[in-house]
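Structural characterization, general
Chain by chain, the residues:
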Amino acid sequence: MKEFIKYLDWVIYQIYPKSFCDSDGDGIGDLAGITEKLDYIKDLGVNAIWLCPIFKSPQCDNGYDISDYRDIEPVFGTMRDFENLVANAKKRDIKIILDLVANHTSSEHFWFKEARKSKDNPYHDYYYWAKKPLNDWTDQFGGGSAWEYNEQTDEYYLHSFAVGQPDVNWDNPKVRQEFCDIVDFWIDKGVDGFRCDVLHLISKDFKNDLKWFGPHFHEYVNQLFGREKSKNLFTVGECYVDEKQITELCGEGRGELKSSFQFDHIFIGSKGRFAPIVTSMNEVVKIFDNWEKVTQKLDVLYPLFTDNHDQPWYNSKFGNDGVKRFESATALATMFFLGRGVPFIYQGQEVGFANSEYGDISAFDDIETLNFYKASVGKIDDKTLYKDINFGSRDNSRRPFAWNGEQGFGFTSAEKPWLPYATRSDRLNVESDLKNEKSVIKYYRDLLKLRKEVAAFRYGQYKSIYSDDGFIAYLREYDDEKYLVVCNFAGDREVDLGFKNKKLILTNNNAILSIKKDRFVQYDAAVYKILDE
Ligand code: TEU
């Protein structure tokens, strides 16, 4: 049996700890707050949680700038809090996945503080140094050159992201061993896997101006995750793969990663994060269908996702977060999470959270957003500037999780949260959703229950029936069972799907029940069991 088959039973819930639940009233989410919410997570039908970085960090990039990989950031709690979270999660058969940031550390990390002191410091070549910038690379946050001057050694160091996030030099065998030891430390703490932050950047080729997937990439990943101790971990790379790369990285027996994210359905026609794109769901439908067919053909584990902490809400960007919010959010969930692969649900998408509208830069925290503001203010009119920022800011999906409509929205008892609340928290929160007849959470629960109970949705063959013009119909077939998934993201239509003898088993529009022909209005989702033909 393919080693990845067991992961088809997993449903992974991504948590941004800073914004999930604050247990101690300091306005910042923490580990104890996550522990308090494990039953909510379990009741959703989830059996694994991915925690965005919880390690010691000065927080210049909200934890993706790590200063101690073996200790917990005090604002999130203590190692005891982590151990308690792991114990309580295991009691509920919930696995723990941590976020391994191996391409860079914080400039506050001991290694870098030593490295920058002198050229002959034993930690100096833990990082990339040059007498002058080796190339014209810029950082990914729009902050300018990716090379920063260091006075003590009269050199420049490389930072693919913020100045406070120097890239580590993976060509140094000591660095590779350090990260093997870090992975092993957390395995010993009971961790079941890692999401690997921009792992494709760890091997670079300056001579050929190559920032990622460099000449030693597979060798280094195999050294990290192909070892006896680490080879059975669940691992997923944030590696922006194409077909060739996902095969090389995640193919059976490669001893590298179990899976890796691609982002074609995220950056559709995008001229950049903050440039509002005009696109239909037609592109999304075709990309989804294509990747399902490709990963089935390649026989690799495909991560099914729409949302994460780096993106505005998918339903706001591509769907409808207004009058058809329930229908659109649940149709997206149906298409993606009954697909072949392992579902990743980002905190809040199961509630149908939506983008916010702020008109003051003080309501934003994300370094990339602030850089965009600094570069744009005064050059474009404020109306356009805030339209762009509200459209693309990563802060959209990082605003405090709204549990109810009271003061603090059930997130914190503090006067002020670390980041201003989502502007619709009074209406879009767990408590109000569960009271709705059209509850996104309840639909997610039914959807994930169906996935768990019907083997075809986990192990079945994917067969495309139709995917164009914002309409998709696909089959999941396993043993002698056949299920049809239909989602209509475009205009109302009547189609002949050719399956006359079928039973509706899940839908986000009960009106479908009374329709004899295959008629679907926009955002209808319907799942059928095909009866004997
Ligand atoms: O994200 C890398 C990444 O793809 C985005 O940061 C993107 O490059 C950027 O937003 C430009 O649009 C990972 C983490 O998910 C992200 O939260 C971190 O900020 C980043 O790496 C650095 O660790």
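Residues numbered from 1 in each chain as written. Predicted model: local features only at pLDDT ≥ 70, side-chain atom pairs only at ≥ 80, totals over all residues. Heavy atoms only, no water.

Looking only at helices and strands, the protein chain has 15 helices and 20 strands in total. Taking 24 Å as the expected radius of gyration for a compact globule of 533 residues, we find that the protein chain reaches 23 Å, a close match to that expectation. Summarising its shape, the C-alpha atoms of the protein chain cover approximately 80 × 50 × 45 Å along the three principal directions. Among the 533 residues that make up the protein chain, the fraction classed as buried is 61%. Pairs at least 24 apart in sequence give 69% of the contacts found in the protein chain among residues at least 6 apart. Of the roughly 20600 Å² of accessible surface on the protein chain, 49% is carried by carbon and sulfur atoms. Side-chain charges of the protein chain comprise 69 positive and 86 negative groups, with the mean position of each set lying 3 Å from the other. (Helix = DSSP H or I, 4+ residues; strand = E, 2+ residues; numbered from the N terminus. Rg over C-alpha atoms; globule rule 2.2 N^0.38 Å. Buried < 20%, exposed > 50% of the residue type's maximum accessible area, 1.4 Å probe, protein only. Contact = heavy atoms within 4.5 Å. Areas by Shrake-Rupley, 256 points an atom, 1.4 Å probe, with all protein chains shown as cover. Lys, Arg positive; Asp, Glu negative; His and termini not counted. Charge placed at Lys NZ, Arg CZ, Asp CG, Glu CD.)

What follows covers the domain arrangement of the protein chain. The domain boundaries assigned to the protein chain delineate domain 1 (9-105 + 172-441), domain 2 (110-158) and domain 3 (458-530). Once you take the C-alpha centre of each, domain 1 and domain 3 turn out to be 29 Å apart. On the side of domain 3, 22 residues touch domain 1, which itself brings 24 residues to the contact. Carbon and sulfur atoms make up 61% of the area that domain 1 and domain 3 hide from each other, which totals about 2000 Å². The tally of links between domain 1 and domain 3 comes to one salt bridge. (Domains from an automatic or database assignment. Buried area = accessible area lost by both parts, 1.4 Å probe. Salt bridge = Lys/Arg side-chain N within 4 Å of Asp/Glu carboxyl O.)

A separate point is the site of the ligand. The local shell around the ligand holds 18 residues, among which Asp61, Gln140, Tyr240, Asp310 and Glu368 are the closest. Between the ligand and Gln140, the relevant distance is 2.5 Å, taken from an oxygen atom to a side-chain nitrogen or oxygen of the residue. One of the side-chain nitrogen or oxygen atoms of Arg195 is found 2.9 Å away from an oxygen atom of the ligand. In the complex, 94% of the free accessible area of the ligand, which totals 490 Å², lies under the protein chains. Residue classes in the shell around the ligand are distributed as five nonpolar, four polar and nine charged. (Near = heavy atom within 4 Å. Polar contact = N/O pair within 3.5 Å; in protein donor to acceptor, adjacent residues only side chain to side chain. Nonpolar A, V, L, I, M, F, W, Y, C, P; charged D, E, K, R; others polar.)

Where strand 7 (residues 147-150) meets strand 8 (residues 155-158), four bridges bridge the pair, whose relative direction is antiparallel. Each bridged residue has a counterpart across the sheet, and for Trp147 the counterpart in strand 8 is Leu158. Joining the antiparallel neighbours strand 7 and strand 8 is a turn of four residues, in which Asp154 adopts a positive phi near 50 degrees. (Pairing = 2+ DSSP bridges.)

What follows deals with the sheet that holds strand 7. Overall, antiparallel pairing links the three strands, which are arranged 6-8-7 in an open sheet. The sheet terminates laterally at strand 6 (129-130) and strand 7, the two strands that pair on one side only.

Of all hydrophobic cores here, the largest spans 147 residues; its most connected members are Tyr13, Phe82, Phe179 and Phe225. At eight residues, helix 10 (residues 325-337) tops the list of elements feeding residues into this core. Counting 13 residues, the second-largest nonpolar core is a separate cluster that includes Val486, Leu497, Leu504 and Ile530. (Core = buried A, V, L, I, M, F, W, Y, C linked by side-chain atoms within 4.5 Å.)

What follows is about the pattern of salt bridges. Applying the stated criterion to the full structure yields 37 salt bridges. Between Lys56 and Asp71 there is a salt bridge, and its shortest N-O distance comes to 3.0 Å. Of this pair, Lys56 sits in strand 3 (residues 55-56) while Asp71 sits in strand 4 (residues 68-72); the two residues are 15 residues apart in sequence, bridging distant segments of the chain. Judged by relative accessible area, Lys56 falls into the partly exposed class, the value being 28%. Between Lys502 and Asp518 there is a salt bridge, with the nearest N and O atoms lying 3.0 Å from each other. Pair noted here: Lys502 is in strand 18 (residues 502-507) and Asp518 is in strand 19 (residues 518-520), with a separation of 16 residues, a long-range link. Among the ionic contacts, a cluster of salt bridges with common partners joins Asp61, Arg273, Asp310, Asp366, Glu368, Arg394 and Arg398.

Before going further, it helps to spend a moment on unusual backbone geometry. The backbone phi angle of Phe213 is positive, close to 50 degrees, even though this residue is not glycine. Assessed through its relative accessible area of 18%, Phe213 is described here as buried. One non-glycine residue, Tyr523, lies in the positive phi region at around 75 degrees. Among the secondary structure elements, Tyr523 is positioned in the loop between strand 19 and strand 20 (524-530).

This brings us to the packing of aromatic side chains. Two aromatic rings, taken as a pair, are described by how far apart their centres are and by the angle between their planes. Scanning all chains against the criterion turns up 63 aromatic pairs. Seen from their ring centres, Phe110 and Tyr123 are 5.1 Å apart, and the 80 degrees between their planes marks the pair as edge-to-face. With Phe110 in helix 4 (residues 110-115) and Tyr123 in the loop between helix 4 and strand 6, this pair connects stretches of sequence that are 13 residues apart. What makes Phe110 partly exposed here is its relative accessible area of 43%. Ring centres of Tyr240 and Phe267 lie 6.2 Å apart, and the angle between their planes is 20 degrees; this geometry places the pair in the stacked category. With Tyr240 in the loop between strand 10 (234-237) and helix 7 (243-250) and Phe267 in the loop between strand 11 (259-260) and helix 8 (281-298), this pair connects stretches of sequence that are 27 residues apart. (Phe/Tyr/Trp six-rings, centres within 6.5 Å; stacked < 30°, edge-to-face > 60°.)

Moving on: helix 14 (residues 440-453). With 14 residues, helix 14 should cover 20 Å at 1.5 Å per step; its first-to-last C-alpha distance of 20 Å lies within 8% of that length. In this structure Ser439 caps helix 14, since a side-chain oxygen of it lies 3.3 Å from the backbone nitrogen of Ile441. (Expected span 1.5 Å × (residues − 1).)

A word on helix 12 (residues 382-392). At 3.6 residues per turn, the α-helix brings residues three or four places apart onto the same side. Buried within helix 12 are the following residues: Leu385, Tyr386, Asp388, Ile389, Asn390, Phe391 and Gly392. Where helix 12 is buried, its residues meet helix 9 (314-317) and helix 11 (367-376).

Glancing now at the state of the cysteines. Following the criterion strictly, the structure yields zero disulfides and no others. Here Cys21 is not disulfide-linked; the sulfur of Cys52 is the nearest cysteine sulfur, at 16 Å. Overall, Cys21 belongs to the buried group, its relative accessible area being 3%. (Disulfide = S-S within 2.5 Å.)

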